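# Working through the structure, step by step
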Amino acid sequence: MIFIALRQLWARKRQTILTLLGVMLGAAAYIAISGILLGFRNYLLDQMVNNDAHVRISAKARLIEATSFDHVFTRAQEKLFWIVPPSGRKDADKIDNVQEWIQRLRSDSDVEAYAPQLNLMVLYQKGKISRNGRIQGIVPAMQSRVALIEKNILSGSLRDLSESGQNMLIGDGLRENLGLRKGDSVTVVNGRGDRFQFKISGAYESGNKGVDESLAYVALTSAQNIAGSPGQIYDVAVRLKDVSKSFDKAQEWSNDESAKVQSWEQINAATLNVFQVQDMTRYMMTAIILIVAGFGIYNILSIVVSQKKREIAILRSIGYESQDILTIFMTQGMLLGIAG
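Read on for an overview of the structure. Numbers given for residues are sequential positions, taken from 1 along each chain in its written order. Local features are withheld for residues below a pLDDT of 70 in this predicted model, meaning they are given only at 70 or higher, and side-chain atom pairs are given and counted only at 80 or more; totals for whole chains, interfaces and linings count all residues. The side-chain numbers reported here are obtained from all heavy atoms of the structure, hydrogens and water having been left aside.

## Some words on the packing of helix α2 (residues 13–50) against helix α14 (residues 322–339)
Packing of α2 against α14 leaves a shortest axis separation of 8 Å and a crossing angle of 50°. In terms of axis orientation, α2 runs oblique to α14. Of the two possible hands of crossing, α2 and α14 adopt the one that is right-handed. Only L336, G337 and A339 of α14 make contact with α2, whose side of the interface consists of T16, T19, L20 and V23. Between the N-to-C directions of two axes lies an angle of 0 to 180 degrees, each axis being a line fitted to C-alpha atoms and, for a helix, fitted only over the stretch in contact. Only DSSP runs of H or I reaching four residues or more are called helices, and only runs of E reaching two or more are called strands; each is numbered from the N terminus. Note on angle classes: values under 35 degrees are labelled roughly parallel, values over 145 roughly antiparallel, values of 65 to 115 roughly perpendicular, and the remainder oblique. For any pair of crossing helices, the crossing counts as left-handed if the nearer helix is rotated counterclockwise from the farther one by less than a right angle, and right-handed if it is rotated clockwise. The criterion used for residue contact is that any of the two residues' heavy atoms lie within 4.5 Å.

See the structure below:
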């Protein structure tokens, strides 16, 4: 059967070659577009998983309700009625029981590393140039184990931040916007208007333009001085030994009402939803390409069948069954599809 199928395909080289080209181009288009989409997704996943925490523990917002001060202004059996109920938050944006969380992380066998952090909104100034941005206070030795940011450093190193409290590792986009070079000084202004001088010890490029043009790293103690809150931590970044456990671990730790705990999937939920749309697009492309290729092969085989009526009659006359004839043409279609 295979010999007859190959003989018939070889007898009409032009049709066979055109069919092969159609299948090849369709498969090539699918591979190229699918490769781009999957590569882009893998790149973003690598950025989310390796350049940030698997689980992030941060301060939990405690909103002030109408009943929040009942225990302050009333005694037992008394009820407080507000003309205008209070609003706002009862706490600052910080974790109150940091040491308890650190002890918990140290004793957890699933935790590979953790790093306390402090994030601040500041104003960068260099001469007449000003840019809004963020400062992240870190402990270099601990941060390098949680997020693999050292591979993104263009000059300098994280160790420079621990050598001097006034060193800064700045995003390359922010460095260009401020016109800075390594060794230059930049002024950082906090929300109260206090000014602090930092020396540029190096630059990094994460691949995320928004981050590179706004974020700089300093030592944790320096960030605490800028915030005016020595010893305070705003969040803790956690890296797990198995990243697939991040969601379950976050749900387990969320039972503690003292802090907000989020996995990297929850933090990047919007981006992950985009991946679902990409997968749907790839599946639709696969279906369309298979349908087009299938119709191309069917068209060629239908023409061949109509042109081979005499040969089919001869094969039937010498003893071939109808199932054998069908097998010959199906074999031709399979050969064209696989080769293409």
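Right, picking up where we left off after that structure.
## Some remarks on the pattern of salt bridges
When a carboxyl oxygen of Asp or Glu lies within 4 Å of a side-chain nitrogen of Lys or Arg, that pair is called a salt bridge. A full pass over the atoms with the stated rule returns 9 salt bridges. Close ionic contact of K245 with D110 constitutes a salt bridge, the shortest N to O distance being 3.7 Å. Linking K245 in the loop between β9 (235–240) and α10 (246–253) with D110 in the loop between α4 (98–107) and β2 (111–126), this pair joins segments that are 135 residues apart in sequence. Looking at K245, the relative accessible area reads 39%, which means it is partly exposed. Between R192 and D194 there is a salt bridge, with its nearest N and O atoms 3.2 Å apart. When a residue's accessible area, from a 1.4 Å probe over protein chains only, is under 20% of the maximum for its type it is buried; when over 50% it is exposed; and in between it is partly exposed. A relative accessible area of 53% means that R192 is categorised as exposed.

## Observations concerning the nonpolar core
Note that soluble globular proteins tend to have their nonpolar side chains buried in a common cluster. What is meant by a nonpolar core is a set of buried Ala, Val, Leu, Ile, Met, Phe, Trp, Tyr and Cys residues, joined one to another through side-chain atoms within 4.5 Å. Core analysis: the largest hydrophobic core is formed by 39 residues, its most contacted members being I57, Y124, I135, M168, I170, V238 and W253. Ranked by residue count, the leading element in this core is β2, at 6 residues. Counting residues in hydrophobic clusters, the runner-up holds 10 residues, among them I153, L161, L169 and L215.

## Re the packing of helix α12 (residues 269–307) against α14
Helix-helix packing is characterised by the crossing angle of the two axes and by the distance between the axes. Running from amino to carboxyl end, α12 crosses α14 at an angle of 145°, the nearest separation of the two axes being 10 Å. Relative to α14, α12 is oriented so that their crossing is right-handed. Of the residues in α14, those touching α12 at I297, L301, V304 and V305 are F329, Q332, G333, L336 and G337. Following the grouping adopted for this structure description, the nonpolar residues are Ala, Val, Leu, Ile, Met, Phe, Trp, Tyr, Cys and Pro, the charged ones are Asp, Glu, Lys and Arg, and the polar ones are all others, Gly among them. Of the residues contributing to the contact of α12 with α14, the split by class is 6 nonpolar, 3 polar and no charged.

## Overview of the environment of F40
You can see F40 is positioned in helix α2. In sequence terms F40 and F275 are 235 residues apart; their C-alpha atoms lie 9.7 Å from each other.

## Side note on the pairing of strand β5 (residues 167–171)
In terms of residue burial, β5 counts as a mostly covered element, since 5 of its 5 residues are buried. Strands are treated as partners if at least two bridges between them are detected by DSSP. Where β5 meets strand β7 (residues 195–204), 5 bridges bridge the pair, whose relative direction is parallel. For L169, the partnering residue across the bridge sits in β7 and is G202. For β5 and strand β8 (residues 215–219), the ladder comprises 2 bridges, and the chain directions are antiparallel. Bridged to I170 within β8 is A216.

## A closer look at the environment of I36
Here I36 is to be found in helix α2. Exposure remark for I36: the relative accessible area of 61% places this residue in the exposed category. Distance in space between the C-alpha atoms of I36 and I102 is 41 Å, their sequence separation being 66 residues.

## Let's talk about a nonpolar patch on the surface
A grouping of I17, L18, L21 and M24 is seen on the molecular surface, where their side chains present a nonpolar patch of about 380 Å² in accessible area. Inspection of the secondary structure puts M24 in helix α2. Under the relative-accessibility criterion, M24 is labelled partly exposed at 41%. Patch building starts from residues that exceed 30% relative accessible area and form no salt bridge, then joins like charges within 9 Å and nonpolar side chains (Val, Leu, Ile, Met, Phe, Trp, Tyr) within 5 Å. To measure how exposed things are, a 1.4 Å probe is used in the Shrake-Rupley method; for residues, cover is taken only from the protein chains shown.

## Section: α10
Taken together, the buried positions of α10 are S246, K249, A250 and W253. The buried residues of α10 occupy an angular sector of 100° when the element is viewed end-on, so they sit on one face. Along its buried surface, α10 packs onto β1 (55–59), α4, β2, β9, β10 (259–263) and α11 (264–267). This arc is taken over the directions from the axis of the helix to the C-beta atoms.

## Here's the deal with the environment of L315
Tracing the sequence through the fold places L315 in helix α13 (residues 309–317). Filtering out sequence-adjacent residues up to four positions away, L315 remains in contact with Y320, I325 and I328.

## Let's talk about the pairing of β8
Most of β8 sits inside the fold, with 5 of its 5 residues counted as buried. Pairing analysis gives 5 bridges linking strand β3 (residues 129–138) to β8, with the strands arranged parallel. Bridge pairing in β8 links R134 to L215.

## Points about the packing of aromatic side chains
Pairing of aromatic side chains requires ring centres within 6.5 Å, counting the rings of Phe and Tyr and the six-membered ring of Trp. Pairs whose planes differ by under 30 degrees are stacked, by over 60 edge-to-face, and all others tilted. Applying the stated criterion to the full structure yields 2 aromatic pairs. Ring geometry for W101 versus W253: centroids 6.5 Å apart, planes at 75°, classification edge-to-face. Highlighted residues: W101 in helix α4 and W253 in helix α10, separated in sequence by 152 residues. A centroid spacing of 5.4 Å and a plane angle of 55° characterise the contact between Y204 and Y217, whose relative ring orientation is tilted. On the criterion of sequence distance, the pair formed by Y204 in strand β7 and Y217 in strand β8 is long-range, its members being 13 residues apart. Residue class for Y204 comes out buried when judged on its relative accessible area of 4%.

Read these as spatial facts, not as claims about activity.
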